[in-house]
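# Observations on the model geometry
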Amino acid sequence: MLVNAASYPRPGGTNEDFVLFDSAAAVVLDGAGMAPGMQSGCRHGVAWYVEQLGTFLHAEAARADRSLAVCLATAIDSTTNKHRDTCAVDGPLSPSATVSVARVRGDVLEWLLLGDCTVLVQSDGAVTATTDDRLAHVAPRAREALAGAASGSPERQRAHEALVQEERSQRNTQGGYWVAAADPMAASQALTGSETMAQVEGVALLTDGAGRLVTTFHSTDWQGYMGLLRHSGPEGVLRQVREAEASDPSLRQWPRSKQHDDATIAYIRL
């Protein structure tokens, strides 16, 4: 498994994405950031959480003796135990992350997805995209209020805080959405799949910020996205994402919650 990866923080911000890989497994995580001024109840912060979780998860996945869902559950438990005594790990605003993993085990490529990362698998020339869109169906009115508020305005700040509060109230609940946070049981809600290695030409793990070329700016489709990765690599694709974001600072042409987002890609060839 040959992996090429890139991770760009949003300009001026701390990178709350995480990527780690070797020849056996790759993990990409996207930490759930907070609206400015909101307190998570964790003294370590989101970037610390995704680094801990991603490191534990990669170590578990690379062992290849347990399912990826069990690996994720174990990694969540290990991370939670590292700060249970110092932080409000069970609070609704505590750090969390979306997760994607790919692993080679024998002659099979396995993948797991929890939250709104995306897994792309190219097989026989066709690209299959899988994402967990449950978050997008939560708090629709709060999303509309945020979309209608002017960029940089106090109204937008308040709307962002309200959206985060409402989303987090439905985190890891039936009828809500599922991410990695403090409860290992969330891993049982992950989407998983496998492919015979001989049929797979390429795989990509990406955070939602990296997927904006398709989901937000509509400049290509997933088939075209994999073509861009093949010809320009992850760094070339992320540069295109940043150029599109910079061209619409008012968020009018392409409505979104923020101008820039952390963006990470792991591109895997077999």
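For the structure, check the block above.
Residues numbered from 1 in each chain as written. Predicted model: local features only at pLDDT ≥ 70, side-chain atom pairs only at ≥ 80, totals over all residues. Heavy atoms only, no water.

## Some thoughts on helix α1 (residues 46–63)
End to end, α1 covers 26 Å across 18 residues, agreeing with the expected 26 Å (1.5 Å per residue, within 8%). Residues Val46, Trp48, Tyr49, Val50, Gln52, Leu53, Gly54, Leu57, His58, Glu60 and Ala61 constitute the buried set of α1. Against β2 (17–21), β3 (25–31), α2 (68–83) and β4 (97–105) lie the buried residues of α1. After α1 finishes, the residue alanine 64 shows a positive phi value of roughly 65 degrees. (Helix = DSSP H or I, 4+ residues; strand = E, 2+ residues; numbered from the N terminus. Expected span 1.5 Å × (residues − 1). Buried < 20%, exposed > 50% of the residue type's maximum accessible area, 1.4 Å probe, protein only. Contact = heavy atoms within 4.5 Å.)

## Thoughts on the sheet that holds strand β9 (residues 200–206)
Here 5 strands make up an open sheet; going across it, the order is β1-β10-β9-β6-β7 and the pairing antiparallel. The outermost strands of the open sheet, each flanked by one partner alone, are β1 (2–8) and β7 (126–131). Within the sheet, the average angular offset between the axes of one strand and its neighbour, ignoring direction, is 15 degrees. (Pairing = 2+ DSSP bridges. Axes fitted to C-alpha atoms, helices over the stretch in contact; angles between N-to-C directions.)

## A few points about the nonpolar core
Formed by 27 residues in total, the largest nonpolar core has its most connected members in Leu29, Leu53, Leu57, Leu72, Val99 and Val101. At 7 residues, the largest contribution of residues to this core is made by α1. Residues Leu213, Phe217, Val241 and Trp254 belong to the second largest nonpolar core, which totals 22 residues. (Core = buried A, V, L, I, M, F, W, Y, C linked by side-chain atoms within 4.5 Å.)

## Considering the side chain of threonine 98
Of note, threonine 98 is situated in strand β4. For threonine 98, a relative accessible area of 7% corresponds to the buried category. Leave out the neighbours within four places in its chain, and threonine 98 touches Val28, Leu29, Asp30, Leu114, Gly115, Asp116, Cys117 and Val179.

## As for the pairing of β2
Here 5 bridges tie β2 to β3, and the two strands are oriented antiparallel to one another. The residue bridging phenylalanine 18 from the neighbouring strand is leucine 29, located in β3. As consecutive antiparallel partners, β2 and β3 are separated by 3 residues.

## Brief notes about the sheet that holds strand β5 (residues 108–114)
Pairing within the open sheet is antiparallel, and its 5 strands lie in the order β2-β3-β4-β5-β8. This sheet does not close on itself; its edge strands, each paired only once, are β2 and β8 (191–196). Across this sheet, the average inter-strand angle for adjacent strands is 10 degrees, counted without regard to direction. Strand direction decides the pairing type here: β4 and β5, joined by 7 bridges, are antiparallel. Residue arginine 103 lies in a different strand from β5, and its bridge partner there is glutamate 110. On top of the sheet, α1 reaches β2, β3 and β4; it is set at about 160 degrees to β3, its chief contact. The strands touched by α2 within the sheet are β4 and β5, with β5 carrying the most contacts at an inclination of about 45 degrees.

## Side note on the packing of aromatic side chains
Throughout the structure, instances matching the rule amount to 2 aromatic pairs. On the basis of an interplanar angle of 70 degrees and a centroid distance of 4.8 Å, the ring pair of phenylalanine 217 and tryptophan 254 is categorised as edge-to-face. Of the two residues, phenylalanine 217 is situated in the loop between α5 (212–215) and α6 (222–246) and tryptophan 254 in the loop between α6 and β10 (263–269); the sequence distance between them amounts to 37 residues. Like tryptophan 254, phenylalanine 217 is buried. Seen in terms of ring centroids, tryptophan 222 and tyrosine 225 are 5.4 Å apart; in terms of plane orientation they differ by 65 degrees. Their pairing is edge-to-face. Remark: tyrosine 225 and tryptophan 222 occur in helix α6; sequence separation between them is 3 residues, near one turn of the helix. Comparing tryptophan 222 with tyrosine 225, the two get one shared label, buried. (Phe/Tyr/Trp six-rings, centres within 6.5 Å; stacked < 30°, edge-to-face > 60°.)

## A word on the packing of α1 against α2
In contact at an axis separation of 8 Å, α1 and α2 are set at 140 degrees when each is read in the N-to-C sense. When the interaxial angle is binned, α1 and α2 end up oblique. Crossing of α1 against α2: the hand is right-handed. Here Trp48, Tyr49, Gln52, Leu53, Phe56, Leu57, Glu60 and Ala61 of α1 lie close against α2, whose contacting residues are Leu68, Cys71, Leu72, Thr74, Ala75, Ile76, Ser78, Thr79, Lys82 and His83. Split by residue class, the contact of α1 with α2 holds 11 nonpolar, 5 polar and 2 charged. (Parallel < 35°, antiparallel > 145°, perpendicular 65-115°, else oblique. Left-handed = near helix turned anticlockwise from the far one by under 90°. Nonpolar A, V, L, I, M, F, W, Y, C, P; charged D, E, K, R; others polar.)

The values are spatial; any link to function lies outside them.
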